[in-house]
Amino acid sequence: RAIDEDRKTKYKAAVKIQRWFRACRVRAYLRHLSKMAILIQKWWRGYLRRKHFRKVVERAYFIKKQKFYNEMAVRIQKTWRGYYFRKYIHNFYALKKYLNAVSMNNELVRHELQEYAEMKENEEKMKDLEKKEKEKKYQARKMHYLLSTAQIPGIYNSPFRKSPDPMELLLQKSKPLTHRKQQVKSPFVDELYDWPTCKEPPAFVTSLPLLPADRQKPQGPFRDPAEVLQQRYKPLEPTLRVRESMYSPPAKDRESTRRKEWRNPIHDNEFLPFSSYHKNYEKYEPSLFKSGKYGQEAYGTKYFREVYPKKWIADKDFETLFSSIALFEKFGKTYSSTGQIV
Amino acid sequence: NSGVVCLLRPLLLDVVPSIRQTTALALGRLADYDVELAETVVKAGILPQLICSLPEENRYYKKTAAFVLRAIAKHSPQLAQAIVQCGALEMLVICLEDFDPGVKEAASWAFGYIARHNPELSQAVVDAGAVPLLVLCIQEPEIALKRIAASTLSDISKHSPELAQTVVDAGAIAHLAQMIPNPDAKLKRQVLSALSQIAKHSVDLAELVVEAEIFPVVLTCLKDSDEYVKKNGATLIREIAKHTPELSQLIVNSGGVAAVVDCIGSCRGTVRLPGIMTLGYVAAHSENLSMAVIVSKGIPPLCVCLIEEHEDHIKAAAAWALGQIGRHTTEHARHVAVANVLPTLLDIFVDARSSEDLKTKATLKNILQKCTYLPALEPLLHEAPPSIMKHIIGQFSKVLPHDSKARRLFVTTGGLKKVQEIQAEPGSLLQEYINTINNCYPEEIVR
């Protein structure tokens, strides 16, 4: 029994040892396995991450480059936009110049308008003044009898004044006013007023211009001055043709016949009876047929027909039996220098 | 009235021409005086008898007949329509073709009164073929005839662009433009009004008017001694300026703005109104043009208008024009603010008048949104109602964080105190502005 127990304890011890050893082996195996697993996982993860990292790096690099390019592009666009806007769209100096030009132009315009307004005012004033002057002169002419004589001083020439009133001077200068003559109405007035262009009827001479009463007659063989004045100042009495307006029907008909006449003739140059008329218009140009090597050929100017006496049938030259045109007979037989016969 | 018209009626068909003439004259004078008499004349069926023998009659009869038609047409559109239905327009055209200037004048006057009422009647006048004859009338030497023809063309073209185009096609613009330098004041009135009625409808018509070389001759009209010539000249420039920036540019380049500014300064009352609107339109197109208006010293007369005038619509127009000038950039708003006009605008706004409010609210808002000129804004701070206060505080909150001198000034003038007194709902825009302002200052001062 002690050996049994001994054997049992040894058996148990052996089992314990084997158990322990196996456990150790298994543990070592497991440890090895886990280490291997860890190793594999480590390498696998490292590989995956490295791959990923490369991608990340690439992306980051790309983004960096992109940002850089964007930066540069922004810089370029910034300077370009600044330049473009400042030069074309909102050019400050051009605007300033423009506004200066506008204000200068405004000054000019204002100045001119001011001048214009002043000119208008002056014109108005002048018109008023002239009207007043005319009034005064008319009044003076009407009241010419208030002029002071040698004996009696007039109203405007009081002895207590140092110098006479300006009215007095006016009175001295003015002519006495005569009554207005009755205006004789011309019998043609109504018709003539109907014409659109005629403003006044033609003034026929109704009265002679008056000569001053105290004029001394000049000595000598002079004509009657009234006659002379009438002749000199006779108003124009135009003929009916001139008086008639351009637009009335007979004038228009005349116009149309004139145009027909201008259109129809065959020759452009009208017939001029004497050769002196032609001298002014036409200059003679010798034709090439007639001008020879040593100057003008005499044919055509000096003689007109070649003469071959050998070919003559009879002895005599051509003779004119009668003259058809009397004017041509005088050719060369008058004493004038034109038409000299060879 | 008491049977007079019935008595006169048989006399119209009398054998003796001078009786017919005198009857027509009597009818014309009756119709001229009173609407009911005119209606009686129309109802009694006199018009056909008047018109039927017109082509063979002499010029005195034609003149009086045209006078009758004009006297009837001037009262109301219905009477004018009655005249048109009788077939009077053809007869009037025959009168227009006559040689005597008096007859032409009477006929064009009648056409003018007919065309004045509404577009259909104007179209009837145009369809009768009156426009080329009227253009011929303008070229006649008599001043009275020119006046009437110009006023008739103005009445025809004022209704619609097509009618204006018809008038332009007849070649009226060149002749009207030639007559602008004429010394007669009434003629100038009519000519300028005709040109402005033509130009107001569209850009093309306005460009046609401008091509007739009216600038710078029109500017001399602005210096005329007659008030209505100035008014019509300013109206013409306004109608041209309102279409496009290029046309406004043309006006500025020819010195038109200076002339308009002088014109506003020299007139009083309604005559100023078109000039004010011209400045508004020119300034509204672009900031360069608005700067040009400022440079031409446009702001002082507008301020004077705002203060002096009593009429509502003129004040509203002046306020609108100032708004257009000031709304573009801070520079423009500064120029407007320097002229010390903001308090006046505020007073008008607060004063509770009906139509003005609408216009000045937008004006004030526009100017204030661009205004960074703080000394001008400060007096407004004390008096403004809440709707305007929002904008003012907003401006302060934009400028104060950046400018230390302005901050100091703000405190010393008591502006900060005023800001504290304002009650605002938390979370609203006003509260945010107030917070921004308070953040610029250290805590003790805010307390």
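The shown structure was predicted, so the numbers you read here are calculated from the model rather than taken from an experiment. (Residues numbered from 1 in each chain as written. Chains lettered and ligands numbered in written order. Predicted model: local features only at pLDDT ≥ 70, side-chain atom pairs only at ≥ 80, totals over all residues. Heavy atoms only, no water.)

K.L.:
So what exactly am I meant to see when it comes to the overall build of chain A here?
P.N.:
A count of helical and extended segments in chain A gives 9 helices and 2 strands. When burial is assessed residue by residue, chain A has 8% of its 342 residues classed as buried. Long-range pairs, those at least 24 residues apart, make up 36% of the contacts in chain A with a sequence separation of at least 6. Summed over all atoms, the accessible surface of chain A reaches about 33,900 Å², with 59% contributed by carbon and sulfur. (Helix = DSSP H or I, 4+ residues; strand = E, 2+ residues; numbered from the N terminus. Buried < 20%, exposed > 50% of the residue type's maximum accessible area, 1.4 Å probe, protein only. Contact = heavy atoms within 4.5 Å. Areas by Shrake-Rupley, 256 points an atom, 1.4 Å probe, with all protein chains shown as cover.)

K.L.:
How do you make sense of the pattern of salt bridges when you look at a structure like this?
P.N.:
A side chain with one charge may pair with a side chain of the opposite charge, provided their charged atoms come close. What the rule picks out here adds up to 18 salt bridges over all chains. Arg 7 of chain A is the salt-bridge partner of Asp 4 of chain A, the closest N and O atoms lying 2.5 Å from each other. Here Asp 4 of chain A pairs with Arg 7 of chain A, and both are found in helix α1 (residues 2-89), just 3 residues apart, close to one helical turn. Between Arg 272 of chain B and Glu 308 of chain B there is a salt bridge, with the nearest N and O atoms lying 3.8 Å from each other. In this pair, Arg 272 of chain B is assigned in the loop between α19 (256-266) and α20 (273-285) and Glu 308 of chain B in helix α22 (residues 299-308), connecting sequence segments 36 residues apart. Its relative accessible area of 40% is what places Glu 308 of chain B among the partly exposed residues. Each of Arg 116, Asp 155 and Lys 158 of chain B takes part in a single network of salt bridges with overlapping partners. (Salt bridge = Lys/Arg side-chain N within 4 Å of Asp/Glu carboxyl O.)

K.L.:
What is the right way to read a negative patch on the surface from this model?
P.N.:
Together, Glu 112, Glu 115, Glu 118, Glu 121, Glu 123, Glu 124 and Asp 128 of chain A make up a region of like negative charge exposed at the surface. Along the chain, Asp 128 of chain A falls in helix α2 (residues 92-142). (Patch = residues over 30% accessible without salt bridge, like charges linked within 9 Å, V, L, I, M, F, W, Y side chains within 5 Å. Lys, Arg positive; Asp, Glu negative; His and termini not counted. Charge placed at Lys NZ, Arg CZ, Asp CG, Glu CD.)

K.L.:
Any chance you could explain the UniProt feature "coiled-coil region" (unreviewed entry) in chain A here in plain terms?
P.N.:
The UniProt feature table records "coiled-coil region" (unreviewed entry) at residues 106-139 of chain A. Structurally, residues 106-139 of chain A comprises 100% helix and 0% strand, and the distance from its first C-alpha atom to its last is 49 Å. (UniProt positions renumbered as here; feature names shortened; annotations may be inferred.)

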